[in-house]
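# Commentary on secondary and tertiary structure
As a plain string of letters, each chain reads:
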Amino acid sequence: MLSEQIAELVQYGIKTGLLPECERAYTTNLLLDIFHEDTYEEPQEVKGNDLEMILKELLDEACARGLIEDSIGYRDLFDTKLMNCLTPRPAQVQKTFWEKYNDSPQEATNWFYKFSQDNDYIRRYRIRKDQKWKTESPYGSIDITINLSKPEKDPKAIAAARTAVNTSYPKCLLCFENEGYAGRLNHPARENHRIIPITINDSPWGFQYSPYVYYNEHCIVFNREHTPMKINRETFIKLFDFVKLFPHYILGSNADLPIVGGSILTHDHFQGGRYTFAMAKAPVEKEFTIRGFEDIRSGILKWPMSVIRLSGTDTDRIIDLAYHILERWRGYTDEAAFIFAETDGEPHNTITPIARKNGEYYELDLVLRNNITTEEHPLGVYHPHASLHHIKKENIGLIEVMGLAVLPARLKSEMQLLKQAILTGTDIRDDKVLGKHADWFASFSSKYELITEDNVDQIIQNEIGNVFVQVLEDAGVYKCTKEGRDAFMRFIRSL
């Protein structure tokens, strides 16, 4: 049985191009060694199962032999070890990438993205579980996703992690040292992970794809050194250097302060990819000109968050203006608009920048951020307010800023329960799971003349989307009101 399963996996590697035919026996022997098996019988026929089924059968065999415990944590560590047997060494991957890049940047990324899925670094069968839809809003079509591709930690892994020896290697999930790392229960296996070294701003960086791909060709670009994130002039240079290397990709950075920043502030990195977000399609609501930068088209976007778009053909000039705006915003206070540059020595103002090429023009979107907190809003004044936490409580990072909601997995089951409650007329206010959604349901249920089995799913999805639009409006430092726009223009005039 093991021989048949190994033959299937090796055949998969040859079929996808991960392996050349001449490495069939070599790869078979690597896999036999992992299973502590000395013998092999070539099967007369190799089944054509998909990768998920092939790996499941091999993992079941590993459990049966006592090689691993039967839990998702141990299984993920083990199947990554198996896939590494099919994955070319880093130098081979880099050589192929740059050979294809010489033909075109797009051909190189097309190949690398497919490669990263074929070798199971991106687990296609898990990504397909994510729920995705679009919601129409006054700001355009907003993307909504419920992330189901990250596996839940199982009790065995949690228990084992408590007794595991603490280690600081690799220092974080973004470090170069993750390439080829076998992993442990509290750190994912990365043996089949491959990084493309690139140079931006005359410094060494890495290019890879996110294993969770929230959108098409979701990539991560990260500093070779484990150094904290910081938004400065060099940030804008790096973003445009990357866009010049890969003109068909966008690239942006999370902000560099807590609450308004990303989940990893300790390692300088960007996120990008080949996707047109709703914010990129947003029109300029009001144009303005900054003295000394008449050659740069500048304007405020029609978007729930506070965005300045700069556009021009000379990236050096865009960078100069962006740095001017950043420096001015860092020290800007407008008490009437409840914007404070700092309180008690703690800085609050920063920027989330996104760079792209749009035809002949380069664009840089600067999203103004502020992380001040109050007793009323202890998680942040410009953060999802408490009434929305039943849907989205986490930080609003780069991806959400651009108009794509990454919502927690719990919503899948909660929305199924809510659906049944709505259809049966059950009062959910005292329900331990659904009670937090009671006020929300009460607020939208009267909008619909009739909620039935045929329309309930669409209604729930639309209303989740409407909540996310409110989340973005909460996160905007200048609201889309006359008072908000007047305050926004006070800052623009200060430039």
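Attention in this report is confined to the structure presented alongside it. Quantities reported herein were computed from a predicted structural model and do not represent experimental measurements. (Residues numbered from 1 in each chain as written. Predicted model: local features only at pLDDT ≥ 70, side-chain atom pairs only at ≥ 80, totals over all residues. Heavy atoms only, no water.)

Its 16 residues give helix 11 (residues 315-330) an end-to-end C-alpha distance of 22 Å, which sits within 8% of 22 Å, the value for a rise of 1.5 Å per residue. For helix 11, the full list of buried residues reads Thr315, Ile318, Ile319, Leu321, Ala322, Ile325, Leu326 and Trp329. Those residues of helix 11 hidden inside the fold are in contact with helix 9 (233-245), strand 9 (297-301), strand 10 (307-312), strand 13 (349-358), strand 14 (361-370) and helix 16 (482-494). In this structure Asp314 caps helix 11, since a side-chain oxygen of it lies 3.0 Å from the backbone nitrogen of Asp316. (Helix = DSSP H or I, 4+ residues; strand = E, 2+ residues; numbered from the N terminus. Expected span 1.5 Å × (residues − 1). Buried < 20%, exposed > 50% of the residue type's maximum accessible area, 1.4 Å probe, protein only. Contact = heavy atoms within 4.5 Å. Polar contact = N/O pair within 3.5 Å; in protein donor to acceptor, adjacent residues only side chain to side chain.)

With that settled, consider the pairing of strand 14. Burial of strand 14 is extensive: nine of the ten residues sit out of reach of the surface. Summarising the sheet, strand 10 and strand 14 pair through six bridges and their orientation is antiparallel. Bridging from a neighbouring strand, Arg309 pairs with Asp365 of strand 14. In this sheet, strand 14 lies alongside strand 13 in antiparallel orientation, the contact comprising ten bridges. Within strand 14, the position partnered with Ile351 by the bridge is Leu368. Turn length for the strand 13-strand 14 hairpin, with the two strands adjacent in sequence and antiparallel, is two residues, and the turn residue Gly359 shows positive phi of about 65°. (Pairing = 2+ DSSP bridges.)

With that out of the way, let us pick up the environment of Tyr139. By the element assignment, Tyr139 lies in the loop between strand 1 (131-137) and strand 2 (140-146). Residue classification places Tyr139 among the buried positions, given a relative accessible area of 12%. C-alpha separation for the pair Tyr139 and Leu472, spaced 333 residues apart in sequence, amounts to 11 Å. If near-sequence neighbours (up to four positions away) are discounted, Tyr139 is found in contact with Lys302, Trp303, Pro304, Val469, Glu473 and Cys480.

Another point: the environment of Thr87. Along the chain, Thr87 turns up in the loop between helix 4 (72-84) and helix 5 (90-103). Among the residues examined, Thr87 registers a relative accessible area of 7% and is labelled buried. Spatially, the C-alpha atom of Thr87 lies 53 Å from that of Arg485, the residues being 398 residues apart in sequence. When neighbours within four sequence positions are excluded, Thr87 is seen to be in contact with Phe115, Asn119, Asn192 and Arg194. Polar side-chain contacts of Thr87 include one of 2.8 Å to the backbone oxygen of Met83.

As a further point, take the packing of helix 1 (residues 2-16) against helix 3 (residues 51-64). The geometry of helix 1 relative to helix 3 is characterised by a closest axis approach of 10 Å and an angle of 145° between their N-to-C directions. In this structure, the crossing between helix 1 and helix 3 has a hand that is left-handed. Between helix 1 and helix 3, the contacting residues are Leu2, Gln5, Ile6, Glu8, Leu9 and Tyr12 on the first element and Leu51, Ile54, Leu55, Glu57, Leu58 and Glu61 on the second. Looking at the contact of helix 1 with helix 3 residue by residue, the classes come out as eight nonpolar, one polar and three charged. (Axes fitted to C-alpha atoms, helices over the stretch in contact; angles between N-to-C directions. Left-handed = near helix turned anticlockwise from the far one by under 90°. Nonpolar A, V, L, I, M, F, W, Y, C, P; charged D, E, K, R; others polar.)

Our next topic: the sheet that holds strand 5 (residues 219-223). The ten strands are arranged 3-4-5-7-6-13-14-10-9-8 in an open sheet whose pairing can be described as antiparallel. The two strands at the open ends of the sheet, each matched to only one other strand, are strand 3 (196-200) and strand 8 (284-288). Within this sheet the neighbouring strands show an average axis-to-axis angle of 25°, counted without direction. Direction of pairing for strand 5 relative to strand 7 (residues 269-273): antiparallel, over a ladder of four bridges. Across the sheet, the residue bridging to Ile220 is Gln271, located in strand 7. Seen against the sheet, helix 5 touches strand 3 and strand 4 (203-209) and runs at an angle of roughly 55° to strand 3.

For the rest of this paragraph, the subject is the sheet that holds strand 2. Taken in spatial order, the three strands line up as 1-2-15 in an open sheet, and their pairing is mixed. A strand with exactly one partner marks an edge of an open sheet, and here the two such strands are strand 1 and strand 15 (404-407). Going across the sheet, the axis of each strand differs from the next one's by a mean of 25°, ignoring polarity. Across seven bridges, the pairing between strand 1 and strand 2 is antiparallel. Counted as the bridge partner of Ser137 is Gly140 from strand 2. Contacting strand 1, strand 2 and strand 15, helix 15 (residues 456-475) runs over the sheet at an angle of about 65° to strand 1.

With that out of the way, let us pick up the layout of surface pockets. Computed from the structure, the second largest pocket encloses a volume of approximately 440 Å³. As for the second largest pocket, its lining consists of 22 residues, of which Leu18, Leu86, Thr87, Pro88 and Arg89 are closest to the centre. For the lining of the second largest pocket, the secondary-structure elements that each account for two or more residues are helix 2 (24-34), helix 5 and helix 6 (105-118). In the lining of the second largest pocket, the residues fall into eleven nonpolar, six polar and five charged. (1 Å grid on protein atoms, 1.4 Å probe; cavity = no way out; pocket = protein on both sides within 12 Å on 5 of 7 lines; lining within 4 Å. Points joined across faces, edges and corners; volume = space filled by probe spheres on them.)

The N-to-C vectors of helix 13 (residues 410-424) and helix 15 enclose an angle of 125°; their axes lie 10 Å apart at closest approach. Considered as vectors, helix 13 and helix 15 are oriented oblique to each other. For the element pair helix 13 and helix 15, the recorded crossing hand is right-handed. Across the interface between the two elements, Met415, Leu418, Lys419, Ile422 and Leu423 of helix 13 pack against Val456, Asp457, Ile460 and Ile464 of helix 15. Broken down by class, the residue content of the contact of helix 13 with helix 15 amounts to seven nonpolar, no polar and two charged. (Parallel < 35°, antiparallel > 145°, perpendicular 65-115°, else oblique.)

To continue, consider the packing of aromatic side chains. Tallying each qualifying case throughout the model produces 37 aromatic pairs. Taken together, a centroid distance of 5.0 Å and an interplanar angle of 90° make the contact between Phe97 and Trp98 edge-to-face. Overall, the relative accessible area of 0% leaves Phe97 in the buried class. Taking the centre distance of 5.1 Å and the plane angle of 65° together, the rings of Trp440 and Phe444 count as edge-to-face. Of the two residues, Trp440 and Phe444 are both situated in helix 14 (residues 438-445); the distance of four residues between them amounts to about one turn of the helix. Both residues of the pair, Trp440 and Phe444, belong to the buried class. Through pairs of rings, three or more aromatic residues link up here, namely Phe97, Trp98, Tyr101, Trp111, Phe112, Tyr113, Phe115, Phe207, Tyr209, Phe242, Phe246 and Tyr249. The ring of Phe176 carries the charged tip of Arg224 above its face, separated from the ring centre by 4.1 Å. Directly above the aromatic system of Tyr361 lies the positively charged group of Arg297, at a separation of 5.6 Å from the ring centroid. (Phe/Tyr/Trp six-rings, centres within 6.5 Å; stacked < 30°, edge-to-face > 60°. Lys NZ or Arg CZ within 6 Å of the ring centre and 35° of its normal.)

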